[in-house]
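# Commentary on secondary and tertiary structure
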Amino acid sequence: MVTVIAVVAAKGGVGKSTIAANLGTALCQTGRAILSIDLDPQNALHLHLGGNPEDIHGLSRASVGGTPWRNACVRSVSGVYVLPFGQVNDTDLQTLERQIASDPNWLSNHLRSLNLNSDTVVILDTPPGSSEYLRQALGAADLVISVLLADAASYPTLPMIENMIQRYSGARPGRLGHVCIVNQVDAARLLSKDSVHLIQSALGDRVIGVVHEDQAVSESLARGRTVVEADPYSLGRKDLMQCADWILRRLKTRADAAL
């Protein structure tokens, strides 16, 4: 069965695309077929995976033009297949958003049209906050990962994103639930540590990872790579690999249960 993972956040600037790109790369390194799809009009995900900033192709242009999404997919150096959001003008963006708003199954139907192999993992990067893109992603996802920062502004947003996930996530059999990753944690700062404690107290074992602040992550992005590929000894990579390991264990548990 194709597994769909939605990476979401209540607010911007939390490193959501970074998490999505690195998890995709880490899972790809285990031999899994990975398709990373950018549902965020900021179109940043492909840059984390070595995309060309001047490339305008992607799902937005394909959807408005009525061409298959598969034609807009590219394979990154890491082996992850990427479907960027792409670039369209304001008129076409409004057309796309009307398409999405008028069809609750817009995303699910496009995913089905890709005819992906059953062991493929699809990772959806979504825009921050409430949007039709997010609602469609939550409806299609088997596993939802919310990303929070360890700061004073993120903890208060937790109820909002939790409510949205519960409201719009599907209830089909085999769903893997919703979990959280705390990003850019500075272990030397009391506020950062207190924030992690608060989030863990609220969510318990649904916090699947704490990713420490690490300059290697942003340096890798500057080179169009993920830190998982670019810096095998960095703390950020270690943290992200532990998150990927958690996902793999959940996938294995579900597969074993289906036998």
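Criteria and cut-off values
- Residues numbered from 1 in each chain as written.
- Predicted model: local features only at pLDDT ≥ 70, side-chain atom pairs only at ≥ 80, totals over all residues.
- Heavy atoms only, no water.
- Pairing = 2+ DSSP bridges.
- Helix = DSSP H or I, 4+ residues; strand = E, 2+ residues; numbered from the N terminus.
- Contact = heavy atoms within 4.5 Å.
- Axes fitted to C-alpha atoms, helices over the stretch in contact; angles between N-to-C directions.
- Buried < 20%, exposed > 50% of the residue type's maximum accessible area, 1.4 Å probe, protein only.
- Right-handed = clockwise from strand over helix to strand, strands pointing away.

## So, the sheet that holds strand 6 (residues 143–149)
- Read across the sheet, eight strands follow the order 3-4-2-5-1-6-7-8 without closing on themselves; strand pairing throughout is mixed. Bordering the open sheet on either side are strand 3 (74–75) and strand 8 (207–212), each of which pairs with just one other strand.
- Judged from the five bridges that link them, strand 2 (residues 34–38) and strand 5 (residues 121–125) form a sheet pairing that is parallel. Pairing of Ile37 across the sheet is with Leu124, part of strand 5.
- Strand contacts of helix 6 (residues 132–140): strand 1 (3–8), strand 5 and strand 6, with the helix running at about 145° to strand 1, the strand carrying the most contacts.

## Things to note about the pairing of strand 7 (residues 177–185)
- Within strand 7, eight of the nine residues are buried, leaving the element largely enclosed by the surrounding structure.
- Of the pairings in the sheet, the one linking strand 6 to strand 7 comprises seven bridges and is parallel in character. Across the sheet, residue Val147 finds its bridge partner in strand 7, namely Ile181.
- Where strand 7 lies against strand 8, four bridges are found, and the strand directions are parallel. The partner of Ile181 across the bridge, within strand 8, is Gly209.
- Taking the sense of rotation as the criterion, the β-α-β connection linking strand 7, helix 8 (residues 190–203) and strand 8 turns out right-handed.

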